[in-house]
Amino acid sequence: MFIAKNLSTKHRAYNLSDLIKQFTIILTLAAIYYGVGKLGLLLALPIPPGNVTVVWLPSAVALAAVVWFGYGVLPGIWLGDILVNTPGYIETSHHLALSLTVGSITAIGASLEAFLGVWLLYKLANKYPFNHAQDICKFIFIAITCPAINIIIALTGMCLLGIAKWVDFLPFFYNGLVGNSVSLIVFAPLLLTCYQYRNIKFTLQQLCEVMLWVVTLLAFGYIAFGLGYPVEYLFIPFLLWITFRFGHLGATTGVVIVSGIALWGTILGKGPFIRESFHESLLLLQSFMGVAAVTTLTLVSVLEERIASQRELATVNEELENRVQLRTTALTEALQQLEETLLRLKQTQSQLIQAEKMSSLGQLVAGIAHEINNPVNFIYGNLTYVRDYSNNLLHLTQLYQQYYPNTLPQIQEQIDETDPNFIAQDLIKIIDSMQIGTQRIREIVLLLRNFSRLDEAEFKEVDIHEGLESTLMLLQHRLTLNDNSLHINIIKEYGTLPLVNCYASELNQVFLNILNNAIDAVSDITNKSTKQPTIWIYTQLTELNQIMISISDNGNGIPLDIQTKLFDPFFTTKAVGQGTGLGLFVSYQIIVSKHGGQLLCDSTLGYGTKFIIQIPACP
């Protein structure tokens with residue numbers, strides 16, 4: 001019994017303590033509401049039947065109070081609104097009961113505004129709706145909708161009770177809506193942010209930066225509103241500064257301070273918002289305050305979203321890296337044996353490819369060196385003369401300019417020594433020679449590009465004849481035999497071919513391999529026969545829409561037993577060190593596997609050999 005009695009006493013004490021605390025909060029809120037309401041009425045316009053102001057801070061205080069303490073503080077809002085507005089109604093109507101009735105109705109509207117505002121805030125956005133840009137739009141919707149409902153209720157009651165006229169409904173509604181909405185947009189974010197970041201701590205450096213910002217802003221505010229210079233929108237850099245440096249708390253505080261400075265200047269009758277009507281001046285001021293607040297809140301929300309996205313991305317990347325690391329470890333163990341096998345295979349493959357590349361590259365480099373050497377030497381040998389002649393002509397020109405218009409003996413002596421006419425004529429010839437040499441280099445480089453096609457797509461439309469000509473140019477140095485005493489004839493019979501989709505570089509490699517073999521074949525007959533070494537190149541478009549390229553020679557031919565092994569890897573009839581046996585094998589793979597064509601050999605011993613390449617015209 002004693003224990004039960006003690007528990008009951010403790011429970012009653014606890015409830016009494018809560019009631020006292022709640023009652024204290026309600027009275028404190030009513031007092032604050034009354035104080036900021038009086039502050040707003042200082043800017044009110046004496047428009048009967050009461051006072052109309054476009055700066056109404058109690059709306060922001062009421063919304064923040066309900067967010068902080070819950071819906072239980074609504075009576076404090078109702079009481080504070082009655083206290084702040086009823087005296088004005090009494091002065092207008094001189095009727096206490098009627099004024100209390102109207103004050104109660106307007107207080108109900110104010111309480112309903114706070115209730116709906118917080119309810120919509122939780123329903124549409126978050127408790128703190130400034131972390132996302134889309135929530136900013138929802139907050140603006142709430143800041144317009146809820147005050148509109150409040151004002152409609154208040155004005156309807158006033159008109160029904162005869163204190164206000166229905167004809168004044170729209171002007172009163174507009175003025176009240178601007179005051180309540182802009183006050184919510186400007187001041188409510190600061191109150192909500194202070195509660196959200198109530199535990200934040202600043203360093204000494206940050207406090208010094210804030211003080212510097214405030215001092216600079218006040219100085220600039222004095223210039224804009226104290227001295228009356230129309231530079232109000234230069235406040236935007238200050239808002240950007242405090243927003244980027246201190247986030248939500250800096251942005252909302254900056255908006256309130258800037259709005260306060262602008263309001264202070266406008267009340268004193270200075271600044272860019274001053275108009276003939278004080279009411280119009282305050283409306284322009286509130287427009288500026290609203291735009292600055294919405295812009296700054298949107299900016300800080302975008303920055304917050306970016307920071308949150310970066311944090312989320314960093315977390316996802318870290319998780320992904322961990323997963324990849326685990327997966328990599330597992331795969332490393334599972335594929336270790338396979339990698340060793342592939343490594344041996346790749347080494348063998350690389351050796352074969354390198355050997356074939358070196359074989360072809362040696363011939364390619366020899367051809368390039370042979371063709372480029374003479375033009376380069378030709379140009380180099382003439383550069384000295386060009387330089388000397390140019391210097392002499394320049395020197396003569398300088399003397400001519402120095403002593404003109406009268407021809408002096410010194411100039412005549414210099415003219416006699418240098419013979420400018422001869423120099424001018426010879427210089428033109430030298431330049432022409434250099435141009436011929438450089439043009440030859442350009443042609444060779446162009447043919448080299450056409451052959452390799454390294455700077456083009458691997459599979460594309462090409463001119464077959466262009467590839468053949470490029471290959472012949474690269475092999476030009478091999479077409480002269482026996483110390484330039486004998487030349488291999490190249491007979492070309494090109495048909496009309498369309499552009500062909502193919503692997504151009506690899507197809508040129510096939511031409512190079514086959515033409516090299518043909519040159520080797522005709523080179524062998526020069527010491528054993530009087531026949532003129534000749535290679536025939538023939539192209540045509542067949543009736544089956546096939547591109548046929550025939551390359552034949554008048555060499556000794558290939559024995560029948562060897563013909564069956566021509567396309568086998570590593571098979572060669574050349575001496576050791578002169579071939580790898582991969583040229584025709586690789587060529588066969590390129591034509592058959594990659595182009596879906598055919599590579600055939602037709603040879604008669606003693607009469608020569610013909611290689612026939614057939615690829616589809618439109619693969």
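Worth saying up front: this structure is predicted, and the values here are computed from it rather than measured.

About the thresholds
- Residues numbered from 1 in each chain as written.
- Predicted model: local features only at pLDDT ≥ 70, side-chain atom pairs only at ≥ 80, totals over all residues.
- Heavy atoms only, no water.
- Phe/Tyr/Trp six-rings, centres within 6.5 Å; stacked < 30°, edge-to-face > 60°.
- Helix = DSSP H or I, 4+ residues; strand = E, 2+ residues; numbered from the N terminus.
- Buried < 20%, exposed > 50% of the residue type's maximum accessible area, 1.4 Å probe, protein only.
- Lys NZ or Arg CZ within 6 Å of the ring centre and 35° of its normal.
- Salt bridge = Lys/Arg side-chain N within 4 Å of Asp/Glu carboxyl O.
- Contact = heavy atoms within 4.5 Å.
- Pairing = 2+ DSSP bridges.
- Axes fitted to C-alpha atoms, helices over the stretch in contact; angles between N-to-C directions.

This model, assessed by the stated rule, comprises 3 aromatic pairs. Relative to F115, the ring of Y71 lies with its centre 4.9 Å away and its plane at 50 degrees, an arrangement referred to as tilted. Of this pair, Y71 sits in the loop between α2 (58-69) and α3 (74-93) while F115 sits in helix α4 (residues 96-124), and the two are 44 residues apart along the sequence. Exposure remark for Y71: the relative accessible area of 33% places this residue in the partly exposed category. Assessed through its relative accessible area of 31%, F115 is described here as partly exposed. Aromatic side chains W166 and F169 sit 6.0 Å apart centroid to centroid with 20 degrees between the ring planes, which places their arrangement in the stacked category. Owing to a relative accessible area of 17%, F169 belongs among the buried residues under this scheme. One Lys or Arg, K594, reaches over the ring of Y503 and ends 4.9 Å from the middle of that ring.

Within the structure shown, the criterion is met by 3 salt bridges. Across the pair E469 and K492 runs a salt bridge whose closest N-O atoms are separated by 2.9 Å. Placement of E469 in helix α13 (residues 464-474) and of K492 in strand β4 (residues 489-493) is noted, with a sequence separation of 23 residues between them. The partly exposed category is assigned to K492, whose relative accessible area is 39%.

Now for the side chain of T193. With respect to the helices and strands, T193 occurs in helix α6 (residues 169-196). Excluding its chain neighbours within four sequence positions, the residues that come into contact with T193 are Y128, F130, H248, L249 and T252.

Through backbone hydrogen bonds, the strands of a sheet pair up, either in parallel or in antiparallel fashion. Ordered in space as β4-β6-β7-β9-β8, the 5 strands form an open sheet in which the pairing is mixed. The open sheet has two edge strands with one neighbour each: β4 and β8 (598-604). When the angles between neighbouring strand axes are averaged without regard to direction, this sheet yields 15 degrees. The sheet contact formed by strand β7 (residues 546-553) and strand β9 (residues 608-616) spans 8 bridges and is antiparallel. Its bridge partner being in β9, M548 is matched across the sheet by Q614. Packing of α13 onto the sheet brings it into contact with β4, β6 (534-541) and β7, and relative to β6 it is tilted by some 165 degrees.

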